[in-house]
Amino acid sequence: MEKITLYNTLTRRKETFEPLNPEHVGMYVCGPTVYGDPHLGHARPAVTFDLMFRYLQSLGYKVRYVRNITDVGHLEHDADEGEDKIAKKARLEQLEPMEIAHYYTERYHAAMRELNVLSPSIEPHASGHIIEQIEMVQKILDAGYAYESNGSIYFDVEAYNRDYRYGRLSGRNLDDIVTNTRDLDGQSDKRHSYDFALWKKASSEHIMRWPSPWSDGFPGWHMECSAMSTKYLGEQFDIHGGGMDLMFPHHECEIAQSTAAQGKDSARYWVHNNMITINGQKMGKSLGNFITLEQLFTGKHDMLQQAYTPMTIRFFVLQAHYRSTLDFSNEALQAAEKGLDRLMKAVETLAKIKPAATSTSDVKELERRCAEAMADDLNSPMVISALFDWVRIINQAAEGQQSFTQEDIDSLKATVNKYVFEILGLRNEKAAEAGGKDMVTPLVEMLLNMRMEAKANKDWATSDKIRDNLTAIGIRVKDRKDGFDWEIE
Ligand code: ZN
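Residue positions are counted from 1 within each chain, in the order its sequence is given. Predicted model: local features are reported for residues with pLDDT of at least 70 only, side-chain atom pairs are reported and counted for 80 or more only, and whole-chain, interface and lining totals are derived from all residues. Excluded from the side-chain calculation are hydrogens and water; included are all heavy atoms of the structure.

1. Some thoughts on the sheet that holds strand β5 (residues 146-149)
Inference 1: Strand order in this open sheet of four strands is β5-β6-β7-β8, and the pairing throughout is antiparallel. Of all strands in the sheet, those with a lone pairing partner are β5 and β8 (217-219), marking the two edges. On average, each strand axis in the sheet is inclined to that of its neighbour by 20 degrees, with strand direction left out of account. Strands pair, by our definition, only if DSSP identifies at least two bridges between them. The numbering of helices and of strands both runs from the N terminus, where a helix is a DSSP run of H or I of at least 4 residues and a strand a run of E of at least 2. Fitted lines through C-alpha atoms serve as axes, helices being fitted only where they are in contact, and the angles separating the N-to-C directions of these axes extend from 0 to 180 degrees.

2. Remarks on the coordination of the zinc ion
Inference 1: Surrounding the zinc ion are the protein donor atoms Cys30 (SG), Cys225 (SG) and His250 (NE2), which sit 2.0 to 2.1 Å from the metal.
Inference 2: Each donor residue of the zinc ion belongs to the same chain, with the gaps between them written as C-x194-C-x24-H. Of this pair, Cys30 sits in the loop between β3 (25-29) and α1 (40-58) while His250 sits in helix α8 (residues 247-262), and the two are 220 residues apart along the sequence. Each member of the pair Cys30 and His250 is classed as buried. Note that water is not among the atoms used; donors are N, O and S atoms within 2.8 Å of the metal (3.2 Å for Na, K and Ca), so sites may look incomplete. Classification of residues uses two cut-offs on accessible area relative to the type maximum, computed with a 1.4 Å probe and protein chains only: under 20% is buried, over 50% is exposed, and between them is partly exposed.

3. Overview of the packing of aromatic side chains
Inference 1: Two rings from Phe, Tyr or Trp (for Trp, the six-membered ring) form a pair when their centres sit within 6.5 Å of each other. Planes less than 30 degrees apart are called stacked, planes more than 60 degrees apart edge-to-face, and all others tilted. Under the criterion given, the structure shown has 14 aromatic pairs.
Inference 2: Ring centres of Tyr145 and Tyr160 lie 6.1 Å apart, and the angle between their planes is 80 degrees; this geometry places the pair in the edge-to-face category. Of this pair, Tyr145 sits in the loop between α4 (130-143) and β5 while Tyr160 sits in helix α5 (residues 157-163); the two residues are 15 residues apart in sequence, bridging distant segments of the chain. Like Tyr160, Tyr145 is buried.
Inference 3: Measuring from ring centre to ring centre gives 5.9 Å for Tyr147 and Tyr154, while their planes differ by 35 degrees; the resulting arrangement is tilted.
Inference 4: Chaining the aromatic ring pairs together yields one cluster made of Tyr145, Phe155, Tyr160, Tyr164, Tyr166 and Phe196.
Inference 5: Only when the NZ atom of a Lys or the CZ atom of an Arg is both within 6 Å of the ring centre and within 35 degrees of the ring normal do we say a charge sits over the ring. A cation over a ring is seen here: Arg191 above Tyr147, with NZ or CZ 3.9 Å from the ring centre.
Inference 6: Across the ring face of Tyr7, the terminal group of Arg323 is positioned such that the distance to the ring centre comes to 4.1 Å.

4. Describing unusual backbone geometry
Inference 1: Omega for the bond connecting Phe248 with Pro249 falls within 30 degrees of zero, at 5 degrees, which places this linkage in the cis form.
Inference 2: Its place among the elements puts Pro249 in helix α8.
Inference 3: Phi at Arg12 is positive, roughly 60 degrees, even though this residue is not glycine.
Inference 4: Along the chain, Arg12 turns up in the loop between β1 (5-8) and β2 (13-16).
Inference 5: In this structure Arg12 comes out as partly exposed when scored by relative accessible area, which is 41%.
Inference 6: Although it is not a glycine, Asp377 adopts a positive phi angle of roughly 55 degrees.
Inference 7: You can see Asp377 is positioned in the loop between α12 (364-375) and α13 (380-398).

5. A word on the sheet that holds β3
Inference 1: Read across the open sheet, the four strands follow the order β4-β3-β9-β10; overall the sheet is parallel. Lying at the two open borders of the sheet, with one neighbouring strand each, are β4 (63-67) and β10 (267-273). Averaged over neighbouring strand pairs, the angle between their axes works out to 20 degrees when direction is ignored.
Inference 2: Direction of pairing for strand β9 (residues 237-243) relative to β10: parallel, over a ladder of six bridges. Within the sheet, the bridge partner assigned to Gly243 lies in β10 and is Asn273.
Inference 3: We call two residues in contact when some of their heavy atoms are within 4.5 Å. Against the sheet, α8 makes contact with β9 and β10, and its axis sits at roughly 160 degrees relative to β9, the strand it touches most.

6. Details of a nonpolar patch on the surface
Inference 1: Exposure above 30% relative accessible area and no salt bridge define the residues that can form patches, which grow by joining like charges within 9 Å and nonpolar side chains of Val, Leu, Ile, Met, Phe, Trp and Tyr within 5 Å. Residue burial considers only the protein chains on display, and all accessible areas are found by Shrake-Rupley using a 1.4 Å probe. Just to be clear on terms, a salt bridge is a Lys or Arg side-chain nitrogen sitting within 4 Å of an Asp or Glu carboxyl oxygen. A cluster of nonpolar residues, Leu443, Met446, Leu447 and Met450, forms a patch on the protein surface that exposes about 370 Å² of accessible area.
Inference 2: If you trace the backbone, Leu447 turns up in helix α16 (residues 437-456).
Inference 3: You can call Leu447 partly exposed: its relative accessible area is 31%.

7. Thoughts on the packing of helix α11 (residues 330-352) against helix α14 (residues 406-423)
Describing two packed helices takes the angle between their axes plus the distance from one axis to the other.
Inference 1: Following both chains from N to C, one finds α11 and α14 inclined at 155 degrees, their axes separated by 11 Å at the closest point. Comparing their axes, α14 and α11 come out roughly antiparallel. The two elements α11 and α14 cross, and the hand of that crossing is left-handed. Residue-level contacts link Leu343, Met344, Val347, Leu350 and Ala351 of α11 to Leu412, Lys413, Val416, Val420 and Phe421 of α14.
Inference 2: The classification used treats Ala, Val, Leu, Ile, Met, Phe, Trp, Tyr, Cys and Pro as nonpolar, Asp, Glu, Lys and Arg as charged, and all other residues, Gly among them, as polar. Counted by class, the contact of α11 with α14 contains nine nonpolar, no polar and one charged residues. An angle below 35 degrees is read as roughly parallel, one above 145 as roughly antiparallel, one from 65 to 115 as roughly perpendicular, and any other as oblique. The handedness criterion is simple: a crossing whose near helix is rotated anticlockwise from the far helix by less than a right angle is left-handed, and one whose near helix is rotated clockwise is right-handed.

8. Quick look at the domain arrangement of the protein
Inference 1: Domain assignment breaks the protein into domain 1 (5-273), domain 2 (278-431) and domain 3 (440-488).
Inference 2: Residue ranges labeled as domains rest on an automatic or database domain assignment. The centre of domain 1, based on its C-alpha atoms, is set 60 Å off from the matching centre of domain 3.

9. Topic: the environment of His301
Inference 1: Examined against the element boundaries, His301 turns out to sit in the loop between α9 (293-298) and α10 (310-318).
Inference 2: In this structure the C-alpha to C-alpha distance between His301 and Gly474, which are 173 residues apart in sequence, comes to 31 Å.
Inference 3: For His301, the residues in contact, after removing those within four places along its chain, are Gly288, Phe290, Ile291 and Gln295.
Inference 4: Of note is the side chain of His301, whose polar atom sits 3.1 Å from the backbone oxygen of Phe290. We call two N or O atoms a polar contact when they sit within 3.5 Å, provided that within protein one can donate a hydrogen and the other can accept it, with sequence-adjacent residues counted only if both atoms are side-chain atoms.

10. Describing the side chain of Ser380
Inference 1: The residue Ser380 is located in helix α13 in this model.
Inference 2: Accessibility expressed as a relative area gives 2% for Ser380, which makes it buried.
Inference 3: Within the structure, Ser380 has its side chain in polar contact with the backbone oxygen of Leu318 (distance 2.7 Å).
Inference 4: When residues no more than four places from it in sequence are discounted, the contact partners of Ser380 are Leu51, Leu318, Ala320 and Leu424.

11. Re the pattern of salt bridges
Inference 1: One pass over the full model with this rule turns up 24 salt bridges.
Inference 2: We note a salt bridge from Lys231 to Glu132, for which the minimum N-O separation is 2.9 Å. Pair noted here: Lys231 is in helix α7 (residues 221-233) and Glu132 is in helix α4, with a separation of 99 residues, a long-range link.
Inference 3: In this structure Lys231 comes out as partly exposed when scored by relative accessible area, which is 43%.

12. Brief notes about α12
At 3.6 residues per turn, the α-helix brings residues three or four places apart onto the same side.
Inference 1: To estimate the expected span of a helix, subtract one from its residue number and multiply by 1.5 Å. The end-to-end C-alpha separation of α12 is 16 Å, in line with the 16 Å expected for 12 residues at 1.5 Å each.
Inference 2: For α12, the secondary structure elements touched by its buried residues are β1, α1, α13 and α14.
Inference 3: Directly after α12, the chain includes Asp377, whose backbone phi takes a positive value near 55 degrees.

Spelled out as structure tokens, the structure:
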């Protein structure tokens, strides 16, 4: 297997990826909370880990990719008054909480299909794994790293920190955490502000609740990922991914829970994608710059100058390395749209290049550069830059300034297909949209061959007439040294 490196947030360095079992690579990524429309912020982790999933599979690994659905709802300190978000919406709209979770899960899936994000191998719902979560809470209690208080169970951060180190992932120590933890959710039954809930007793108005040995209630948010990753990937697995915003407290707490329950951390490589900012600002509902994916696809948002296709969004995300910041702006998306268009046109041009006796460029160079870039911590912008160097070469070949043997053309096509479509996961939207182009092709080519004959007979009137009529219906004809080229405008 090819040697690849990944940046491990836990050790803060690039490490050679060595899976526990190449026949069974385990990858867990924190999925969406389903109480709102999928937005621009969802696109980045989705595309990043889709790239990783596709790439690992292209190397020959068998990957079990688990991405959860958070449908239990969880308390968000700054979002509302401590009421479960799904429950609140359900109460206001008189719906079953699961109706809301289902509705937004479907919306999320639809947006992911648009972005050409592959479905994970397993997509467990938190609500379907309450028993597993209760079992794990019990394990942590038995190990002495949690305590009960008024029917709720809290993780005992201090006790844990004595035996292990709390804050390993985010690089914080307990003193920093003490001074930075505000006790906003009124959980006065906690011993310390930094202790976090493993199980919460439900108040009487709380709709989503399950029985447990301690109270009718619901699991703490961090529990679901620890419990479900263990269930589907085992006590130890290879990769745990998610957005950088989840590093603390969510992933830090996951590490503490798994370590407390089993004496060791579950995940070996922690991988975090950076965030998307909007014109340099963090995205947030209160800032008025919150853009849903549907708004991007339709252009219906005050900040948008136009609609952007799903592949433009995907290409925009892939143009930056996943650990770099990525700033959204109309200009940046328009540049991505143009770049993607050039790339897709070159793919079409490549299909029409006629073979020659010799090759003027080494087609293996593209494969080599792309492979090296991906092996270096999934460096998609370097892959794209290599592809663009070859866009230029392909266009030169179409102009007769470069030539390739049939064997090299086939090899180049295979490399372009592998990286553009299989690994970067792009789609040629224009070709798909034109849909009929494949039926049109033989007709246009028949007319253009007739035009070639007319030209050979110096029948300029017929030749011009064919070209002008095609132009009139939106088909642009370009004369080439050895024939013609055409495109739908
Ligand atoms: Zn998670």
